[in-house]
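# Fold and geometry: a report
Spelled out from the first residue to the last, the chains are:
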Amino acid sequence: MIQGELLDILACPSAGHPLSLGEGETHLICRECQLAFPLIDGIPVLIRSEARNMGPEGIAGEAPGERRQGRE
Amino acid sequence: MSKYTDYDKISATYDRTRRALGVDELMQALARSRVPLSRQTLLDAGCGTGNYALELRDKVGRIVCADYSLGMLNRCREKLSGGRGAADLVRCDLAELPFRAGLFDAIMCNQSLHHLDEPGTGFPNHRRFLAHARRVLRPDGLLIINTITHEQLRDGVWWGELIKPAVDRMTERFASVDGLKEMSAEAGFQFLDAVVPITAVMQPKGYLEPSSLRSADFRSGDSHFSLLTEEELEAALARLGRMESDGSIHAYISKREEARARIGQSIFVIAKKAE
């Protein structure tokens with residue numbers, strides 16, 4: 001649903017952290033901020049007010065992120 | 001997001017009248033980069049329905065199209081689908097660009113900045129955009145802001161004089177070119193040039209027809225009208241009607257167009273990320 005090349009350039013709008021694709025590929029996850037940003041028809045919605053706060057349990061329930069390049 | 005225009009609603013009709021103005025000048029600006037156009041990674045910040053991306057996507061290495069409005073992004077996707085070099089689409093707030101640092105060779109921001117801030121606030125979201133723009137650009141990366149000078153807001157469309165209250169309100173939402181230069185210098189940019197595409201207009205279809213102002217579709221392609229009250233619009237159309245009745249309308253438009261031909265409708269402010 002989302003191209004890997006696109007995921008590589010995206011960052012959390014809150015603080016620039018890298019993002020990972022969530023379970024079911026319906027969200028992009030910022031583990032640092034514990035936020036889940038929706039993917040709607042393949043378009044990442046990277047707006048803080050649209051994100052869901054996952055909390056520590058929610059983050060723990062996600063598979064380990066594969067894309068964890070450090071922020072430059 | 002736009003502080004004063006509902007672009008989700010307008011996305012249905014925007015392209016009936018609007019076109020990308022100054023594509024040649026934009027490409028000349030992008031050619032200032034050390035990176036050849038065909039290898040550039042370009043951010044279209046405020047892509048709207050993709051009119052500029054459509055013109056550039058065969059010429060630029062990669063385009064990332066970003067906008068707040070889902071309606072506009074969906075139009076952009078329809079427009080760009082099926083062609084070579086499908087663009088990436090991202091929904092975001094331009095004041096919080098959600099991209100990793102140092103990625104883009106260039107950023108173009110076409111007719112979008114004036115939607116970010118309320119009047120009289122000192123343009124805080126413009127400044128946030130500029131800070132993020134600097135962060136996500138490569139060293140020496142280019143920032144090209146397509147905007148409208150205060151003079152162009154008044155005299156760049158022949159109907160500007162009929163809708164003076166809206167023009168005054170628009171002027172408060174547009175940073176002046178000097179203001180943009182100052183803000184971008186504070187954000188760490190070096191000003192390179194300001195270029196006016198002089199020969200064309202943003203709404204070519206029906207532009208010279210007085211009756212165009214009576215079309216809601218036509219008016220929705222110029223966000224001046226979003227800032228006009230119903231009463232002010234009625235007064236403007238009444239004045240238009242009187243000029244049509246007494247035959248003075250065409251001389252009026254000709255005279256107004258003399259000013260527009262001299263000053264243009266828009267300006268590209270071109271800057272480079274400074275060391």
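It should be emphasised that the depicted structure is a prediction, and the values quoted were computed from it without experimental measurement. (Residues numbered from 1 in each chain as written. Chains lettered and ligands numbered in written order. Predicted model: local features only at pLDDT ≥ 70, side-chain atom pairs only at ≥ 80, totals over all residues. Heavy atoms only, no water.)

Its identity is not glycine, yet A:Glu25 carries a phi of approximately 55 degrees, on the positive side. Tracing the backbone through its elements, the reader meets A:Glu25 in the loop between strand 1 (20-21) and strand 2 (27-30). Taking relative accessible area as the criterion, A:Glu25 reaches 37% and is therefore assigned partly exposed. Phi is positive for B:Phe123, close to 60 degrees, though the residue is something other than glycine. (Helix = DSSP H or I, 4+ residues; strand = E, 2+ residues; numbered from the N terminus. Buried < 20%, exposed > 50% of the residue type's maximum accessible area, 1.4 Å probe, protein only.)

All names here are of chain B. Estimates place the volume of the largest pocket at around 750 Å³. Surrounding the largest pocket, 48 residues form its lining, Tyr7, Tyr14, Gln111, Ser112 and His115 being those nearest its centre. Those elements that place two or more of their residues in the lining of the largest pocket are helix 1 (7-10), helix 3 (51-56) and helix 6 (150-155). Classifying every residue of the lining of the largest pocket gives 20 nonpolar, 21 polar and seven charged. (1 Å grid on protein atoms, 1.4 Å probe; cavity = no way out; pocket = protein on both sides within 12 Å on 5 of 7 lines; lining within 4 Å. Points joined across faces, edges and corners; volume = space filled by probe spheres on them. Nonpolar A, V, L, I, M, F, W, Y, C, P; charged D, E, K, R; others polar.)

This paragraph deals with the packing of aromatic side chains. Residues and elements named next belong to chain B. By the definition in use, this model includes five aromatic pairs over all chains. The interplanar angle of 80 degrees and the centroid separation of 5.6 Å between the aromatic rings of tryptophan 158 and tryptophan 159 together place this pair among those described as edge-to-face. Given the relative accessible area of 0%, tryptophan 158 is considered buried. With a relative accessible area of 0%, tryptophan 159 lands in the buried category. An aromatic cluster of three or more residues is present, and its members are Trp158, Trp159, Tyr207, Phe218 and Phe225. The ring centre of tyrosine 68 lies 4.9 Å from the NZ or CZ of arginine 91, which sits over that ring. The ring of phenylalanine 191 has lysine 181 lying over it, and the distance from NZ or CZ to the ring centre is 4.2 Å. (Phe/Tyr/Trp six-rings, centres within 6.5 Å; stacked < 30°, edge-to-face > 60°. Lys NZ or Arg CZ within 6 Å of the ring centre and 35° of its normal.)

A separate point is the pairing of strand 3 (residues 88-92) of chain B. All names here are of chain B. For strand 3, the buried fraction is high: five of the five residues fall into the buried class. Here strand 3 shows two buried faces, one formed by Asp88, Val90 and Cys92 and the other by Leu89 and Arg91. Examined bridge by bridge, strand 2 (residues 62-67) and strand 3 share four bridges and lie parallel to one another. If you follow aspartate 67 over to strand 3, its bridge partner there is arginine 91. (Pairing = 2+ DSSP bridges.)

Function cannot be inferred from these measures alone, as they are strictly geometric.
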